[in-house]
Amino acid sequence: DSGTANEHIAESLVDLRNDSNDLVANNSIAAGAISTYVTNVVGTGLQLSPNIDNEYLKLSEEQAEEWQQSVEREWALFCKTCDLTRTKTFVEVTGLVFRSYLTNGDVFVNLPMIKRPGIVYETTLNLIEGHRISSKNEMLEGDLLVMGVELDEYGAPSGYQYSTESGVGKTKTWRRLKAFDDHGNPLV
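**Focus on the overall build of the chain**
Link 1 in the chain: Along the backbone of the chain there are four helices and six strands.
Link 2 in the chain: Each helix and strand of the chain, placed in order from N terminus to C terminus, yields the pattern α-α-α-α-β-β-β-β-β-β.
Link 3 in the chain: By the compact-globule yardstick of 16 Å for 188 residues, the chain is too spread out, its C-alpha radius of gyration being 21 Å.
Link 4 in the chain: Expressed as a percentage of its 188 residues, the buried residues of the chain come to 26%.
Link 5 in the chain: When contacts within the chain are restricted to residue pairs at least 6 apart in sequence, long-range pairs at least 24 apart make up 43% of them.
Link 6 in the chain: Here the chain displays about 13,000 Å² of accessible surface, and carbon together with sulfur accounts for 54% of that area.
Link 7 in the chain: Of the charged side chains in the chain, 16 are positive and 28 negative, and the gap between their average positions amounts to 11 Å.

Structure follows, in structure tokens:
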């Protein structure tokens, strides 16, 4: 059967995700394999190890050590408060992202800035499950819109369309995320 890779994936992606989730939920060997892989790759999380070039920055070794300890404190503070839902630490978010990647094929993380009382950092991590990334109107898909991913003329992502979670009796709605800010920094 001829067709592009995107066309073939789009036809079977829902079934692949459903089968994968069913296998992990109902097969202890599959669930154990995923859990072992997450534990071995993520473990206790990313460990920050700042090591600045104090000679280049014209800092004494004591100043460099003080700066590095300060950065480690700030990182630890961010890791406690980075989740948009305020329910997970950075390590827990990292494990959830990796688990979702292994089970569903992908997960998107955008970085909304939210001011909250008592929280020092505005940057938060918002997870969007891969199954929620979809085109609002599949009929308009083509070279510049593929399964909810908007592409620019060169094939780079320019935006993402995603559906809100719809519950019983609720209508599904779509939102759009820009892929990059005005300075070219990734937002997703």
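**Things to note about the sheet that holds strand β5 (residues 157–163)**
Link 1 in the chain: Read across the sheet, four strands follow the order β3-β4-β5-β6 without closing on themselves; strand pairing throughout is antiparallel. Two strands lie at the open edges of the sheet, namely β3 (145–146) and β6 (174–178), each paired on one side alone.
Link 2 in the chain: Bridge count for β5 against β6 is five bridges, and the pairing is antiparallel. Of the residues in β6, the one forming a bridge with Ser 163 is Trp 174.

**Overview of the nonpolar core**
Link 1 in the chain: Judged by nonpolar contacts, Phe 108, Ile 128, Ile 133, Tyr 160, Tyr 162, Leu 177 and Ala 179 together constitute the single largest core of seven residues.
Link 2 in the chain: When neighbours within four sequence positions are excluded, Ile 133 is seen to be in contact with Phe 108, Ile 128, Met 147, Gly 148, Val 149, Tyr 160, Gln 161 and Tyr 162.
Link 3 in the chain: Among the nonpolar cores identified, the runner-up in size contains six residues, and Phe 78, Cys 79, Cys 82 and Leu 125 belong to it.

**Considerations on the packing of helix α1 (residues 5–26) against helix α2 (residues 28–41)**
If you want to describe how two helices pack, look at the angle between their axes and the distance between the axes.
Link 1 in the chain: Between α1 and α2, the least distance of the axes is 5 Å, while the angle of their chain directions is 100°. The orientation of α1 relative to α2 falls into the category roughly perpendicular. Residues Leu 23, Val 24 and Asn 26 of α1 form the contact with α2, whose participating residues are Ser 28, Ala 30, Ala 31 and Ile 34.
Link 2 in the chain: Residue composition of the contact of α1 with α2, grouped by class: five nonpolar, two polar and no charged.

**Quick look at the pattern of salt bridges**
Link 1 in the chain: Evaluation of the coordinates by the stated rule reveals four salt bridges.
Link 2 in the chain: Between Glu 150 and Arg 176 there is a salt bridge, with its nearest N and O atoms 2.8 Å apart. Linking Glu 150 in strand β4 (residues 149–151) with Arg 176 in strand β6, this pair joins segments that are 26 residues apart in sequence.
Link 3 in the chain: Assessed through its relative accessible area of 45%, Arg 176 is described here as partly exposed.

**Regarding a negative patch on the surface**
Link 1 in the chain: Taken together, the side chains of Asp 53, Glu 55, Glu 61 and Glu 62 make up a negatively charged region of the molecular surface.
Link 2 in the chain: When you line up the elements, Glu 55 lands in the loop between α2 and α3 (61–81).
Link 3 in the chain: Exposure remark for Glu 55: the relative accessible area of 69% places this residue in the exposed category.

**Brief notes about the packing of α2 against helix α4 (residues 90–104)**
Link 1 in the chain: Axis separation between α2 and α4 bottoms out at 10 Å; the angle between their running directions is 135°. The orientation of α2 with respect to α4, classified from their angle, is oblique. Judged by the twist between their axes, the crossing of α2 over α4 is right-handed. On α4, the residues that touch Ile 34, Ser 35, Tyr 37, Val 38 and Val 41 of α2 are Gly 95, Phe 98, Arg 99, Leu 102 and Thr 103.

**Describing the packing of aromatic side chains**
Link 1 in the chain: By the definition in use, this model includes seven aromatic pairs.
Link 2 in the chain: Ring geometry for Trp 75 versus Phe 78: centroids 5.8 Å apart, planes at 35°, classification tilted. Taken together, the residues span about one helical turn, with Trp 75 and Phe 78 both in helix α3 at a distance of three residues.
Link 3 in the chain: When its relative accessible area of 13% is taken as the criterion, Phe 78 is described as buried.
Link 4 in the chain: With a centroid separation of 6.0 Å and an interplanar angle of 25°, the aromatic rings of Phe 98 and Tyr 101 are classed as stacked. Remark: Tyr 101 and Phe 98 occur in helix α4; sequence separation between them is three residues, near one turn of the helix.

Each value, and the rule that gives it
Residues numbered from 1 in each chain as written. Predicted model: local features only at pLDDT ≥ 70, side-chain atom pairs only at ≥ 80, totals over all residues. Heavy atoms only, no water. Helix = DSSP H or I, 4+ residues; strand = E, 2+ residues; numbered from the N terminus. Rg over C-alpha atoms; globule rule 2.2 N^0.38 Å. Buried < 20%, exposed > 50% of the residue type's maximum accessible area, 1.4 Å probe, protein only. Contact = heavy atoms within 4.5 Å. Areas by Shrake-Rupley, 256 points an atom, 1.4 Å probe, with all protein chains shown as cover. Lys, Arg positive; Asp, Glu negative; His and termini not counted. Charge placed at Lys NZ, Arg CZ, Asp CG, Glu CD. Pairing = 2+ DSSP bridges. Core = buried A, V, L, I, M, F, W, Y, C linked by side-chain atoms within 4.5 Å. Axes fitted to C-alpha atoms, helices over the stretch in contact; angles between N-to-C directions. Parallel < 35°, antiparallel > 145°, perpendicular 65-115°, else oblique. Nonpolar A, V, L, I, M, F, W, Y, C, P; charged D, E, K, R; others polar. Salt bridge = Lys/Arg side-chain N within 4 Å of Asp/Glu carboxyl O. Patch = residues over 30% accessible without salt bridge, like charges linked within 9 Å, V, L, I, M, F, W, Y side chains within 5 Å. Left-handed = near helix turned anticlockwise from the far one by under 90°. Phe/Tyr/Trp six-rings, centres within 6.5 Å; stacked < 30°, edge-to-face > 60°.

What is shown is where atoms sit, not what they do.
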